[in-house]
Every structure is written in C-alpha cells, then in structure tokens.
Amino acid sequence: MESDDYERCYALWLATKGIGLTDDDTRERVEVYLRFNARLSFVALHGDDIVGTILCGHDGRRGMIRHLAVRDDFRGRGIAKKLVELSVSELRADGILKCNVCVEDSNAAGLAFWQKLGAKLLHYDWRTLQFHTNNEPLA
Ligand SMILES: CC(C)(COP(=O)(O)OP(=O)(O)OC[C@H]1O[C@@H](n2cnc3c(N)ncnc32)[C@H](O)[C@@H]1OP(=O)(O)O)[C@@H](O)C(=O)NCCC(=O)NCCS
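Here's a quick rundown of the structure. (Residues numbered from 1 in each chain as written. Predicted model: local features only at pLDDT ≥ 70, side-chain atom pairs only at ≥ 80, totals over all residues. Heavy atoms only, no water.)

Some remarks on the site of the ligand
Heads up, the rule is: Proximity is defined per residue: if any heavy atom of the residue lies within 4 Å of a molecule or strand, that residue is considered near it. Any pair of N or O atoms that falls within 3.5 Å is considered a polar contact. Within protein, one atom must be able to donate a hydrogen and the other to accept it, and sequence-neighbouring residues count only if both atoms are side-chain atoms. We get accessible surface area from the Shrake-Rupley algorithm with a probe of 1.4 Å; when it comes to residues, only the shown protein chains can shield them. Note on residue categories: nonpolar means Ala, Val, Leu, Ile, Met, Phe, Trp, Tyr, Cys or Pro, charged means Asp, Glu, Lys or Arg, and polar means any other residue, Gly included.
Lining the immediate surroundings of the ligand are 20 residues, of which Leu 68, Gly 76, Gly 78, Asn 107 and Lys 116 lie closest. Contact between the ligand and Ala 80: an oxygen atom at 3.1 Å from a main-chain N or O atom of the residue. Here an oxygen atom of the ligand and a backbone polar atom of Lys 81 are 2.8 Å apart. In isolation the ligand has 920 Å² of accessible area, and contact with the protein removes 75% of it. Here the residues of the shell around the ligand sort into 10 nonpolar, 5 polar and 5 charged.

Dropping the structure here:
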C-alpha cells in the first residue's frame, strides 16, 4: 500500500461493514502510518480497482493488523488470507513473533475469519485505555 492508494482504500473501508473509521484514518495519518511501517501494508488490485486492503505495523515488540477488508464481490477467493500472509511474512522478517488484530466486538464474521486462520481470542483481565497527547478530551 502506498500513499497514492489512499482514496481508493478509504472508499473500500467506508463501504465495508466491520471496518470502523476514526480520525486516525485521514490521508495525513495514514501516510504517516505507512511511512513508519514501510513494506507491511498491502492492497489487492483488480485492474486499477483496490478490492482488498490490510494495514499492518509494529512497535518493535508487537505487530498490529487493522482494516483487513475485501470487497463483497471478491470474497471467498483467498484474497484476505494472502494479504495476511504477506503482512505476517514482513513482521517475521522484522523479528516480530506476535501480532494483535483489532476486530469490533459485534463483528462475528470477522472474529470467525481470524479464528479460522488460527488467531486466539484473548480474554484479558485488563482494559485498554487511551488519552490524547495534546490533553484534549476524548470524544
Ligand atoms: C473477513 C474478510 C476479510 C475475509 O475475506 P475473504 O477474502 O473472503 O477471505 P478468504 O477467502 O481469504 O478466506 C480465507 C479462509 O477463511 C475462511 N473464511 C472467510 N470468511 C470467513 C468467515 N466469515 N467465517 C469463517 N471463516 C471464514 C475461508 O473459508 C477460508 O478458509 P480456507 O482457507 O479453509 O478455504 C472479508 O469477509 C471482509 O472484508 N469482511 C469485512 C471486514 C472484516 O470483518 N474484516 C476483518 C476484521 S478487521
């Protein structure tokens, strides 16, 4: 995935149920993400159309996958599995052995997909908290 892909990726994310979008998904933020995580994110192309995406990064310790999306009419052809293989292979090349995935709680199909690929649902006894680095209150 490159920064020129942004508009087509965003259109796919908007059209895909199960992909939650936030202010982290502006062109500027996605470009920064891609720069910090070069090589790790991919698109699936059909001609000039982007029919699949995966956003992947790591912090030197843990991988993180977001926005795995395949256009409705291209599902069931192994595209998501291939996108995951490509990102995971790059994580491994960077020495990253564990990867987390963000899936909305209500996205049963997304959870089932990842479990089919061997991901384990973790039941943490801790919660994730978040704050703004500029002290603005979170919405
Ligand atoms: C989930 C999603 C990415 C799967 O894409 P896809 O290209 O159809 O998946 P693939 O064809 O690569 O499937 C790979 C394997 O997972 C299985 N699979 C696919 N969708 C599944 C589902 N909803 N439940 C269980 N298994 C599923 C396939 O049968 C296949 O198994 P196989 O290797 O034994 O044949 C796609 O349905 C999608 O974009 N969903 C909406 C967004 C989303 O929920 N993303 C995941 C959370 S970020």
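Some remarks on the environment of Lys 82
To be explicit about the condition: The way it works is that DSSP assigns letters per residue, a run of H or I at least four long becomes a helix, a run of E at least two long becomes a strand, and they are numbered from the N terminus. Burial classification: accessible surface area is computed with a 1.4 Å probe over protein chains only, and a residue below 20% of its type maximum counts as buried, one above 50% as exposed, and the rest as partly exposed.
As for its placement among the helices and strands, Lys 82 is situated in helix α3 (residues 79–93). Residue classification places Lys 82 among the partly exposed residues on the basis of a relative accessible area of 46%. Distance from Lys 82 to Tyr 124, taken between C-alpha atoms, is 29 Å for residues 42 residues apart in sequence.

Quick word on the packing of aromatic side chains
Note the threshold: Aromatic contacts are taken between Phe, Tyr and Trp rings whose centres are within 6.5 Å, Trp giving its six-membered ring; a plane angle under 30 degrees counts as stacked, one over 60 as edge-to-face, and the others as tilted.
Counting across every chain of the model gives 4 aromatic pairs. An angle of 85 degrees between the planes, with centres 5.5 Å apart, marks the rings of Phe 113 and Trp 114 as edge-to-face. The exposure class assigned to Phe 113 is partly exposed, which follows from its relative accessible area of 26%. When its relative accessible area of 12% is taken as the criterion, Trp 114 is described as buried. An aromatic cluster of at least three residues, connected via ring pairs, comprises Tyr 6, Tyr 10 and Trp 13.

So, the nonpolar core
The line we're drawing: To form a nonpolar core, buried Ala, Val, Leu, Ile, Met, Phe, Trp, Tyr and Cys residues must be joined to one another through side-chain atoms within 4.5 Å. Whether two residues are in contact is decided by their heavy atoms: any pair within 4.5 Å suffices.
Counting residues in hydrophobic clusters, the biggest one holds 17 residues, and the most contacted among them are Ile 54, Leu 68, Ile 79 and Leu 83. For this core, the secondary structure elements donating two or more residues are β1 (42–46), β2 (49–58), β3 (63–70) and α3. By residue number, the principal contributor to this core is α3, which donates 5 residues. Contact partners of Leu 83, with chain neighbours within four places excluded, come to Phe 42, Val 43, Ala 44, Gly 52, Thr 53, Ile 54 and Leu 68.

Structural notes on helix α2 (residues 27–36)
Within the sequence span of α2, burial applies to Val 30, Val 32, Tyr 33 and Leu 34. Buried-residue contacts for α2 involve α1 (6–15), β2 and β3.

A word on the pairing of β3
The side chains of a regular strand alternate, first on one face of the sheet and then on the other. Quick note on the threshold: Each pair of strands is called paired provided DSSP finds at least two bridges between the two strands. Crossover handedness is defined by viewing with both strands directed away from the observer: a clockwise path from the first strand over the helix to the second marks the crossover as right-handed.
Judged by how many residues are buried, β3 sits mostly within the fold: 6 of 8 residues are covered. As judged from the 6 bridges shared by β2 and β3, these two strands associate in the antiparallel manner. Note on β3: the bridge partner recorded for Leu 55 is Arg 66. The hairpin formed by β2 and β3 contains 4 residues between the paired strands, and Gly 60 there has a positive phi angle of roughly 95 degrees. Here β3 runs beside strand β4 (residues 99–101); their pairing, made up of 3 bridges, is parallel. When the sheet's bridge partners are listed, Gly 63 is paired in β4 with Cys 99. For the handedness criterion, the β-α-β arrangement of β3, α3 and β4 is classed as right-handed.

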